[in-house]
Each structure stands twice: as structure tokens, then as C-alpha cells.
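Structural description and commentary
Chain by chain, the residues run as shown.
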There are 4 protein chains.
Amino acid sequence: MRALVYQGPGKKALETRPTPEIAAPTDAIVKIAKTTICGTDLHILRGDVSSCTPGRILGHEGVGVVEKVGNAVTAFRPGDRVIVSCISSCGKCDYCRKGMYSHCVNGGWILGNTIDGTQAEFVRTPFADTSLYHIPVGTDEEALVMLSDILPTGFECGVLNGKVQPGSTVAIVGSGPVGLAALLTSQFYTPAEIIMVDFDDNRLETALRFGATATINNSDGKAVEQIMKMTSGRGVDTAIEAVGISASFITCQNIVAPGGIIANIGVHGVKADLHLEKLWDRNIAITTRLVDTVTTPMLLKTVQSRKIDPKRLITHRFTFDKILDAYETFEQAAKTNALKVVIAI
Amino acid sequence: MRALVYQGPGKKALETRPTPEIAAPTDAIVKIAKTTICGTDLHILRGDVSSCTPGRILGHEGVGVVEKVGNAVTAFRPGDRVIVSCISSCGKCDYCRKGMYSHCVNGGWILGNTIDGTQAEFVRTPFADTSLYHIPVGTDEEALVMLSDILPTGFECGVLNGKVQPGSTVAIVGSGPVGLAALLTSQFYTPAEIIMVDFDDNRLETALRFGATATINNSDGKAVEQIMKMTSGRGVDTAIEAVGISASFITCQNIVAPGGIIANIGVHGVKADLHLEKLWDRNIAITTRLVDTVTTPMLLKTVQSRKIDPKRLITHRFTFDKILDAYETFEQAAKTNALKVVIAI
Amino acid sequence: MRALVYQGPGKKALETRPTPEIAAPTDAIVKIAKTTICGTDLHILRGDVSSCTPGRILGHEGVGVVEKVGNAVTAFRPGDRVIVSCISSCGKCDYCRKGMYSHCVNGGWILGNTIDGTQAEFVRTPFADTSLYHIPVGTDEEALVMLSDILPTGFECGVLNGKVQPGSTVAIVGSGPVGLAALLTSQFYTPAEIIMVDFDDNRLETALRFGATATINNSDGKAVEQIMKMTSGRGVDTAIEAVGISASFITCQNIVAPGGIIANIGVHGVKADLHLEKLWDRNIAITTRLVDTVTTPMLLKTVQSRKIDPKRLITHRFTFDKILDAYETFEQAAKTNALKVVIAI
Amino acid sequence: MRALVYQGPGKKALETRPTPEIAAPTDAIVKIAKTTICGTDLHILRGDVSSCTPGRILGHEGVGVVEKVGNAVTAFRPGDRVIVSCISSCGKCDYCRKGMYSHCVNGGWILGNTIDGTQAEFVRTPFADTSLYHIPVGTDEEALVMLSDILPTGFECGVLNGKVQPGSTVAIVGSGPVGLAALLTSQFYTPAEIIMVDFDDNRLETALRFGATATINNSDGKAVEQIMKMTSGRGVDTAIEAVGISASFITCQNIVAPGGIIANIGVHGVKADLHLEKLWDRNIAITTRLVDTVTTPMLLKTVQSRKIDPKRLITHRFTFDKILDAYETFEQAAKTNALKVVIAI
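1. Looking at a negative patch on the surface
Negative charge collects at one region of the surface, where Asp321(A), Asp325(A), Glu328(A) and Glu331(A) lie side by side. With respect to the secondary-structure elements, Asp325(A) resides in helix 12 (residues 323-331).

What follows is the structure, encoded as C-alpha cells:
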């Protein structure tokens, strides 16, 4: 089969690889129909993810059709249309039993990282019963590619951890795909204000279309000042960090109201300053989270009932033979205005 | 009346001051029977608390007898024996209505800070109905001095924010009065392990007597290593920071298990490093809090029903004319083994 | 002043009464601009509410302008435009401190019940600071009459107690004003399905306009059967009882899914059967609640930010001299299709 | 092998039956070391449990040694010492993923009900990885027999659902084994008062030894009156129903304070009156639950750390050949003072 393979920092190529086989009774083989590219894939290609070694097939998102199942798989059969979750959950370990699938001691984020991933014609998915999700008949499959990772990430790490509530004030620092996923899903809870902060006017315009009540281009470094003014000096109830750099995390510290929450989504490469001398008595919480995908069934219901249209995150479409173009488009988002790019396989 | 007055950095003295009068219809005047000294009083004396200006009567803890009440006070009458809460709560503002009395826009921590405090024969307490608590008949008043501040601080900021649970593993970094208050009150929730960390063997021995299941003297800097070993490499569910310095906050970061909580109690004077590059995907929460004293009624019930004896925190007793000795004893805790010192007025 | 007075079972009349005066330092006198009629007012007129004695001015809802305040009132001044909450909260008692204002030991539901109410030119409101709410400039006052009682009742007793969640399935049994208030506010949480049940097609049509995803006229007694079919035999996550009779409460028992909640809003006059022989092992919860109005600030924000338009509940408008017509219109809802009627004073 | 077999209403006998074999890849065969008898076993013998048909091996509790495992079992190996949970959880279905194992669509309470149970030399346990628990080295196995059912039942259905809290007031109506299990585990949360109600003085004496702060023999029907007096007319925060009859459920309704919870544990055979005419405005919750055994790991930690000694529930011990005597002793509890009887196999 054809597969996109990581060949070491800065290098990737479409290669021909053997089709994967069932290796454990809980495995399934899924024929991928559509996949997408994550910011994390770019991190791998930069050599930032040491657990992912050259030779690895990339990708941890996608929808497809079950091809084969191991003898302990009971919830899926060949022919079933499925979402592949970015997190593999054994369903048995202490973390899985607590709904913290991200820290599954037998799985977690392994697809396209420590085992071969979904940017290929076929993928072997471990713990199929607890890591795949049935696609309801009549649902737009392309939209569901967003349920592998980006939508649950924005929702769980940003919105749920951030305890967004009716009437509350939310700021999302970072209007890229995951910030926009948080924007879309925060509206499940009807906050009064959602302020988006970014440096890119195009992304901020998208944010407005997606439901932001205000946008701030922080090129002048005045986002904190503006947000404090907009909130009469009180700050925001929920500050969602959706970039992964120290500066945006500090912005969140400067705008969170007493009693508020800073919900970190961003992938951070270095430490950040925490201004405890200002925050120790502010009754705030800071949360971190790797997506658990524990809300996938809930999100599926909101998609099925048309409460949200995740397809709005998709800006570009490619065929599999053009996947290198897809990567380039995604990497050059500032130029291409790409959010999520979908690759049909 | 006699009162202990802050005279600027490094200076304090017993002075004669006019007895306070009712200034607002919601005020009460309380004749103080017993008061105590808080670490925050030492901060003021070092000049660290800019809101507290020279001339201020110190102290925000104490029990006593109501002398007079304003015409809008309905829950207290002259002669009532009361606990004076360190937090003055108007009961009306948004924060008070949410139970976040610490951020009361009309009160908060003002006693012995922006208005005269309790280290005096009399104190004027604003918002008496919502800032004083009746002392139940038959309860040991001295024990209840601990309910003004130290016990709710350890409980709310450490134990409640830290979500201590039956069977869970807790580490408390700092075995001073507030760490020990967290130790005593964490046992309300029956954790399996409570590991106390300090540099002072005497305090750690006290911790053992107070219910710690293990103690670590971190003089050799090996607390993290030892705790990870004790928890089979998993870390602790709740790490309580009860010192207020960067090093102990970093210890907490190094020992918190995935899904765990770092509950900060300490008063920090400078920023700290937050190792988001290690923590962004660990599903943890970090909380900060100025005590709200919202649990005072609950704590009173636990004292009345003899589930906890806060008197164990009291090591020394003084008469009011010896209050300067009381301060010295409290400041020299490493030598005197002082925890809380009680001054009878 | 003119006031609508309860004169004993079946009797009411517009009378001339003395204008109320400040009686306690925490009182305010409010000049009523608009009021409305509650189902509870009809209960009083039927003689069902023994605490309300003849001679009482009726009404516990309304907006108006502060005329005078007692000397302990700090948050309101003459001229302030305000919402009068149906619940008077002293802000001091144990229940108020826990946010359970409905059970305030000094207040609770007293307006138009044990003290004179709002269907008058003026009303004395006890505990003004914690029982009135400022009307934000630019907000439609008429819409805010719905915030005195009906909207927080539907929201707190139905939606919050019922833990409505994104993607969940809700059934509301009873499509009268309070059921519709629950319908409007349940959408704050983006459930996938909201099924409304009633006997009146007109009310069900209104429900569809207000966001119901399905409606069932239960005249044929087949609502349970239909709901079980619509939910593939699983039942609903949240069943809201919004009628107050045994039959509708039993319907809720028959449709609640394992793990679900029955949130009772209805005012019940008699006991009901609870089928514990079917429910003991179903992991359900049944909740009851008298509205606390603790969410009034949150609801105000949702109105201000145009997330909800409570005015949609208003079907008829009257001048004060026509208030008897207003009552008749409200009582004859089956004929008049009345939901809430607003009386301008 | 020998096994105790249900032979239809009123009839049971020790029979010789074939040793069970692995039937699915997720099965284990466990050699039972110790088992016990549950009130539910008596219900079966009375013919009350229609799902359990004659020929069924009884029993759903026990500890033992893994004999064989299916090829998909990864967490257990032959020779492992294990607790057999009364609930079989597939770990995959929606209910299991939500921690509601009791409603597992592939399992639930099936042992000794719809499949053969644990009162035998061997038992086949489906979904072994998610339905067995490792016995920690050095733990008293006999005590752990109480973790199959009785202790999690009292804890989950009574204490957790009842939200017992530090300083709160709890009443437990029914001082049999499950009421006493609730009594033992409620102390994890340090309530101020635990009032036990029963008709049997012996059981009430046991309750006092187990930590009750007060006991009431309700033979005179004055329990409600006494409890209201003990709580100054306020009632209790948590009322736990641990009998399963209408009268005790009504007692709970009469003693629950505003804002309180009635947590039902009892197995009810008939409907009960619910006095909604008194309770509709009392802000209470009523909960029901079949034990999920989701807290087994937590309870194990409390046993390991000696915070609780479940062995206190064991009053009698038998060898397997005397199991009919064990049943008689358990059935005649009023005479024998039996709580839990342990049978060594």
C-alpha cells in the first residue's frame, strides 16, 4: 500500500509499504477513506517528537471502513464505517477506567507516533472496540474527520477544562484550527462573550464568522489592555491558551478574572513564567490536558443533531497523491489561509 | 484601649488608642478575648504588604464578645461570643454571592491590613452578620481562634482545592502551621497516604503525630526522588504547596501524577517557573486561593463533633502585655518550635 | 395607591391602599412599572396557599424604579431601575450563604404571599441589596419581567437540576409557561433532542417555534411509547416535570434512561406513586426545587448578550386598570393561548 | 466440582457440576477460595428474581485464584489472586465508558443470576480484565470478600450518592449489613453525626461500635420525631434508605432537610408513596443505584492503608460442605445476629 513515511527531521515521502495485519486479538485493520494533517505532524517533521522515529507512517486522524478485526473485537465488523480516534484506549487500565484515555498505559497517543498511522491506505488500530467510533448512517464523513482530534481537543482541553458557562466571558488566545475548534464548541454553553486574539486578520475574520463576539489583533501588544477594558477591569472567566508559547500563556495570566480558569491547549516546548506573586490570591485554576477523546460520543451527537458543523474547519482538499502539497498548504497557513486540509485516500 | 500598632518596616509597639466606634449600620464592636499571630503579620512587619500603612493596628484573627452592633445587624447582639473571621464579607456583592468572600468588593482581607485589626482590646468588624460566627456553648474558645484563618486556609486552599479523596495520595510541601492545618483537615477525606516534606525534623515529628503517613526531610534535595519511589513512579494525586517559594512549587510540579492537582497555599513574592514543556499533556490542574472562610460553619461542626482538635496547633500562650515576646517566639519558630501562639487579651 | 388585593378564595379586587413605607433599614420601596401573573397567584385565589391570607396584595414579579431605600441599603439608590426577584434573600442565613435563597429563614417566597406584593403601584422589598437586580442600560425592561420568576424557575429547577448537556436528550412534560421557560433555557446547553409533551396543540406549536426538536400530544396516552421509540428504547437523559400532577410525574418515571434525571418543577398538591420497584436499580435521580433566583445575574448576562429573548413568553399586555381582564386571559389559557401576560402600571 | 444450585423457589442443594471452561477470549476461570451470601441470594430463593432460573449456581461474591484465562485477557494470569466483582463490566459499552458498569449492556449483574455464580469451586468470569481485581500482597483475603458487593454497595449507593460531607448530618435507616457498610464508609468523609435507625437492638449496638453517633430503635414509630428533635427541626443532610420497604423510604422523606439527599440502597419490590406535596419545594434529591463497583480500586486502597476494616462485617464462618447452615444462619439474622457469613471453599 502507499503511505506517507517520516524519514527523519525535515524529510517525508510517499512510500510503498506492506499492508498491516492483525497483531493482537483486539486489533482492527481500517481502510482509510479520508485523513488530515495535525500541527503535531509538523512537530514530528521538525524532529521535536523524540518518540517518533524515522520509518514511521505519519497521521493520527481519519475515517474509513473496517477491513478486518481480531477475534476479541465485538463492537465492529468488516464493512463498518468508522472514525479513528487519535487516542488508542485499552479500556482496561486505571487511566482508561477513569476516562483519562490520553494516559492509557497500553495506548494513548501512539498512532503515527510509536506505531504506524493513518496517512496510508490502511492502518492497524489497537483496542478497536474502545478506539474506533461507528459513523452514523447519513452523517457527512468528511466532517467527522474533525472528530479524530481537533474538535475533541478544543472541546476537552479548552471548553470543558475551562468550564465555559451560560453568560460567561471567554477569551481564546490563538485563532488557529484548535482555537477555532474551541470557539465552535464553547458555543455549546452559550457564553455571553467570546473574544478571539491572534496576529492574523484572516484568522480573526474566520473567528467572527464562527461566532466570536469580538476579535483582537495583538500585533500592537495591546490585547491585555483591550480585554481588561472590555471587561470593565475584571478580566475573563475563561482564558484558553491555544498557541503553545510562553507569551500567550502570560497573556492568559494577565486577563483571567478572580475565580477564573486558564485552560491550556497549546503544546509547549519550553517552560513559562508563572506570576504567582500576582496570582497566589486570585482563586484561579490553570489546567493542562492531552485530549482524552472521552467526549467523542457526545460530539457525535451534536454533529448528528446539526448543533455544530465541524466541516467549517476544512479549507482545502487533496487526493492522496498530492499529500505533499497538502502538507505545504497546511504549513504555509499564513499565506494559504489553511485551517484543516482533508486528504482523500 | 491597648493595641499593637505597626509603625513601619521592622517596627511595632503596644500603644494606647481610642476604642473603636460603630461607623456603619452593619458594624459590630467586638471585645477581643484571644488573638494570634499570622505569617502575614510578619510579612507586614517586613514591609512586604504595601496596602498596610504605618499606624495600623495589626491582627486578623481572634475570638471575643460582641460589645455593640449597628442598627442593621440582626444576627448578633451584645454579649454574644464570636469568632472574628479574617475575611470581611459584605454578603451582597457578586463575589460574596458566589462564596468567594476573599474577593468581596467591599471587604475581603481588610482587618489588620487596611483597617484596624484584632491585636487590641476591641475591634470594629464591618459586615458583622456575614463576618462573625457564633461560638457554640461548650466549645473551647481557644481552639476556635484557629478558625479565624489558619484552619480554613489549610482546608480551602489546600484540601478542597486539592480534591483530597478516600484512598488518594497527598503530599504537603511545608510542615509549618498552614501545612499542618492542611494535614489535619485532609484527614476529613481519608486519603491513603499523606507525605509531609520540610527541612525541620521537629516539624516533621509533629506532622507524624498529626497523622502524616510518611515524612521527608528535604535537606538533601531528594524529596522528589523519594516520593516518586514511594508512589512507584506515578506521583501524588494532590500536591499541596504550603511554603510560598519557587523551589517548593517546582517540587510540586515534579511529583504530581497525571490527572493530579497542585493546590497552592503559599504566599509568593516572586514568579516561579512553570514547566509547561513537561506538564502541558499531563492533565493536571494548579489552583491558587486566598482563603474565603466559606467553610467556617462546616469546620465549626467538625470541631463541635470532636472530629478535629485545632488546639493541637497551639504551642505557646501569652498575655497581651507580652505580645512582643509572642511575636519573637513565633518568628523564631525554628528555635522555639512554635506553631501558633495564642495571646489572651 | 391602587393594588390588586386577595379577598379570600375566589375573590380579588383593585383597592386603594396606603403607599408602603420603609420598615427596616434593609428595605427599599419600588415603584412598579410592569408586573405579571404567575400560576401561583391562581393557586392563592383557589385558596390552596394557606400562608396567604385575605387582604394581601398579590404578585411577586415585576420591574420598576427604586423610590426610597433604608439606611443599610448600599447597592441601590432612588431612581435605579430594577428587577424585583420573586424570592427575598437576606444574604446572611445559612441557606442564603449556600445559594439556597428559596429557603432563606428571613425571606424566601414572601412577596404577594406573607407580605404585600407587586401587583400594585408600589411595593416594599425587604433585603433590597440581595433581592433586587439592576436593569442594565439599554435592556428591554418588559423582557426582564420574565426574570423575576418564570425564567429562573424553568432554568434552575428544570435545566440546572436536570443537568442538560451538549448532545443529550431532554423531554419536557408540560408546555405551559414554565415548561417553555425550561425549553428556552435548556438550549443554553445544546442538547441534541428536546421533546415537548402536552395536551394542547397550540402550546406544542409554540414549543416548536421555541426550539423543540419534537412534540407529542399525549391526548391518546401514548407519549411514553413514542418517546421510548424515538430513543431506541433507552429513554431520555433528562425528564422535566412542568405540570405538577401525578400523571406527568409518572410519565417522567417511565421515560427516564438509566443514569438519567427527573427534574421536578411542578407544584404538586397531592402525593404521587414512585415506582421504586422499577427504579431502585436504574441509577436515576429525582430533584425538587423552589426557585432560588441564584442564577438571575447569569440570566441577565444571557439576555444582555442576546442569547435568549424572554419576551417570546409574553403573549398579552394590559394596563393596570384592566388587571382583572389580564387574570381572566391568563386563567383561560386554553382558549386565549396566553403564556405570560404583562401588566403596565 | 461441587456447587450450590438454585432448584426453584424455596429449593437449593449442593450438586456436582462440570468445571466451567473458557467460553470467550475475555473470560477467566477462577478457583474460589472464599465466598459469601447476599440478601439478593435470598430474594432469588424466594422466587423474586425472575431472570434467575432453576439450575443456576448461586453467588456473586468471592475471592480466589485465577486458574485459566482467555487469549484476550492481558491483566491477569493463572495463579493471580483476585477479587471477583459482583458486576461484570465489558469495559466497552457506553455505560461502562461512563463508569456505570451496573448497566453494562454485555454484563452487569449476571453472576449467580443469568450465568453460574461463585458459590462453587470454580467460576467462569466474563470480561476478566475489567471485572476482576488483583489482591495486593499482604492483604487479608477474607476482608476483601466484602469488596465484591457489600462495601461498594453501601459506599456508592449510600455514601457517594448521598454526598456525605465533613460536618454533615447523616441518618441511615436500616442497620443490616448494607446499612452498616454505608456506616463504615460514610466515615471516610467525617460527618458530624451518623444516626442509625433499626428495630433490632443488637444491630444498633453493632452500629455504635462501628461509629454511629446515635441510634434509634424505631419500634415505637418515633424515629422521625426523635431525629427532628436531634436536628433542631432541620432534618438530616443525607438520609440513606437501607431496607427496601416503603415505610423506611417514607421515614427518609420525613427527615430530609431542605437541600438534602435521600440515597436509596434498598431493593424495593413494590411502589412507594412520594409526598411531592411536601417535597416539591424542598430542594431535595432522591437517588437510586445498582452498585457499579466503580470504586473498587479506591476501596482497595482504603483497606490496604488500614483506613477501614471490612472484616468487621463478618460474623460467621463456614466450610463449603456446611453452606446450607451458612444460609440458615444468614436468614435467621434476627436470632443469630449474623451480618456477613464467609464460606471457605
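2. Focus on the relation of the copies chain B and chain A
For the pair chain B and chain A, the superposition axis carries a translation of 0.0 Å, the fit reaches an RMSD of 0.0 Å, and the rotation angle comes to 180°. In symmetry terms, the pair is related by a two-fold rotation axis.

3. Observations regarding the sheet that holds strand 8 (residues 169-173) of chain D
Think of a sheet as strands paired side by side through backbone hydrogen bonds, with each pair either parallel or antiparallel. Strand order across the open sheet formed by 12 strands is 10(C)-9(C)-8(C)-11(C)-12(C)-14(C)-14(D)-12(D)-11(D)-8(D)-9(D)-10(D), with mixed pairing between neighbours. Looking at strand neighbours, the two that pair on one side only are strand 10 (214-217) of chain C together with strand 10 (214-217) of chain D, the edges of this open sheet. Across the sheet, the axes of successive neighbouring strands diverge by a mean angle of 15°, strand direction being ignored. Where strand 12 (residues 256-264) of chain C and strand 14 (residues 285-287) of chain C come together, 3 bridges link them in parallel fashion. Within strand 14 of chain C, the residue paired with Ala263(C) across the bridge is Thr287(C). Across the sheet, helix 7 (residues 201-209) of chain C lies against strand 9 (193-198) and strand 10 of chain C, angled at about 175° from strand 10 of chain C, the strand it touches most. Docked against the sheet, helix 5 (residues 150-160) of chain D engages strand 11 (236-241), strand 12 (256-264) and strand 14 (285-287) of chain D, running at close to 160° with respect to strand 12 of chain D.

4. Notes on the nonpolar core
Counting residues in hydrophobic clusters, the biggest one holds 129 residues, and the most contacted among them are Ile172(B), Leu183(B), Leu313(B), Ile172(D), Leu183(D) and Leu313(D). With residues near it in sequence (within four places) discarded, Ile172(D) still touches Gly179(D), Ala182(D), Leu183(D), Ile194(D), Ile195(D), Met196(D), Val197(D), Ile240(D) and Ala242(D). Counting 128 residues, the second-largest nonpolar core is a separate cluster that includes Tyr6(A), Tyr327(A), Val63(C) and Val303(C).

5. Some words on the packing of aromatic side chains
Under the definition given, this model contains 10 aromatic pairs over all chains. With a centroid separation of 5.5 Å and 85° between ring planes, the pair formed by Phe155(C) and Phe188(C) is classed as edge-to-face. In this pair, Phe155(C) sits in helix 5 (residues 150-160) while Phe188(C) sits in the loop between helix 6 (177-186) and strand 9, placing the two residues 33 residues apart along the sequence. No difference in accessibility class separates Phe155(C) from Phe188(C), as the two residues are buried. Through a chain of ring-to-ring contacts, the aromatic side chains of Phe155(A), Phe188(A), Tyr189(A), Phe155(C), Phe188(C) and Tyr189(C) assemble into a single cluster.

6. Looking at the sheet that holds strand 12 (residues 256-264) of chain A
Strand order in the open sheet made by the 12 strands is 10(A)-9(A)-8(A)-11(A)-12(A)-14(A)-14(B)-12(B)-11(B)-8(B)-9(B)-10(B), with mixed pairing throughout. The strands lining the two open edges of the sheet, one partner per strand, are strand 10 (214-217) of chain A together with strand 10 (214-217) of chain B. Sheet twist, expressed as the average angle between the axes of neighbouring strands with direction ignored, equals 15°. Sitting on the sheet, helix 5 (residues 150-160) of chain A touches strand 11 (236-241), strand 12 and strand 14 (285-287) of chain A, and the angle it makes with strand 12 of chain A is about 160°.

Parameters at a glance
Throughout, a residue's number is its position along its own chain's written sequence, starting from 1. Both sets of labels track the order of writing: A upward for chains, 1 upward for ligands. In keeping with the model being predicted, local features are shown solely for residues with a pLDDT of at least 70 and side-chain atom pairs are shown and tallied solely at 80 or more, while totals for entire chains, interfaces and linings include all residues. Computation of side-chain values covers all heavy atoms of the structure but excludes hydrogens and water. A patch consists of residues whose relative accessible area exceeds 30% and which take part in no salt bridge; residues with like charges are grouped when within 9 Å of each other, and nonpolar side chains (Val, Leu, Ile, Met, Phe, Trp, Tyr) when within 5 Å. In this description, accessible areas are obtained by the Shrake-Rupley approach with a 1.4 Å probe, and a residue is regarded as covered only by the protein chains that are shown. The term salt bridge refers to a side-chain nitrogen of Lys or Arg lying within 4 Å of a carboxyl oxygen of Asp or Glu. In this tally, Asp and Glu contribute negative charge and Lys and Arg positive charge; neither His nor the terminal groups of the chain are included. By convention, charge coordinates are those of NZ in Lys, CZ in Arg, CG in Asp, or CD in Glu. A run of H or I in DSSP becomes a helix once it reaches four residues, and a run of E becomes a strand once it reaches two; helices and strands are each numbered from the N terminus. Here the copies were fitted onto each other by least squares, based on C-alpha atoms from residues at pLDDT of at least 70 in both. A pair of strands is labelled paired if DSSP reports no fewer than 2 bridges between them. Inter-axis angles, ranging from 0 to 180 degrees, are taken between N-to-C directions of lines fitted to C-alpha atoms, where helices are fitted over the stretch in contact. Note on definitions: a residue-residue contact is assigned when non-hydrogen atoms from the two residues lie within 4.5 Å. Residues belong to one nonpolar core when they are buried, are Ala, Val, Leu, Ile, Met, Phe, Trp, Tyr or Cys, and are joined through side-chain atoms within 4.5 Å. Classification of residues uses two cut-offs on accessible area relative to the type maximum, computed with a 1.4 Å probe and protein chains only: under 20% is buried, over 50% is exposed, and between them is partly exposed. Any two of the Phe, Tyr and Trp rings considered here, Trp counted by its six-membered ring, make a pair once their centres fall within 6.5 Å; the pair's planes then place it as stacked at under 30 degrees, edge-to-face at over 60, or tilted in between.

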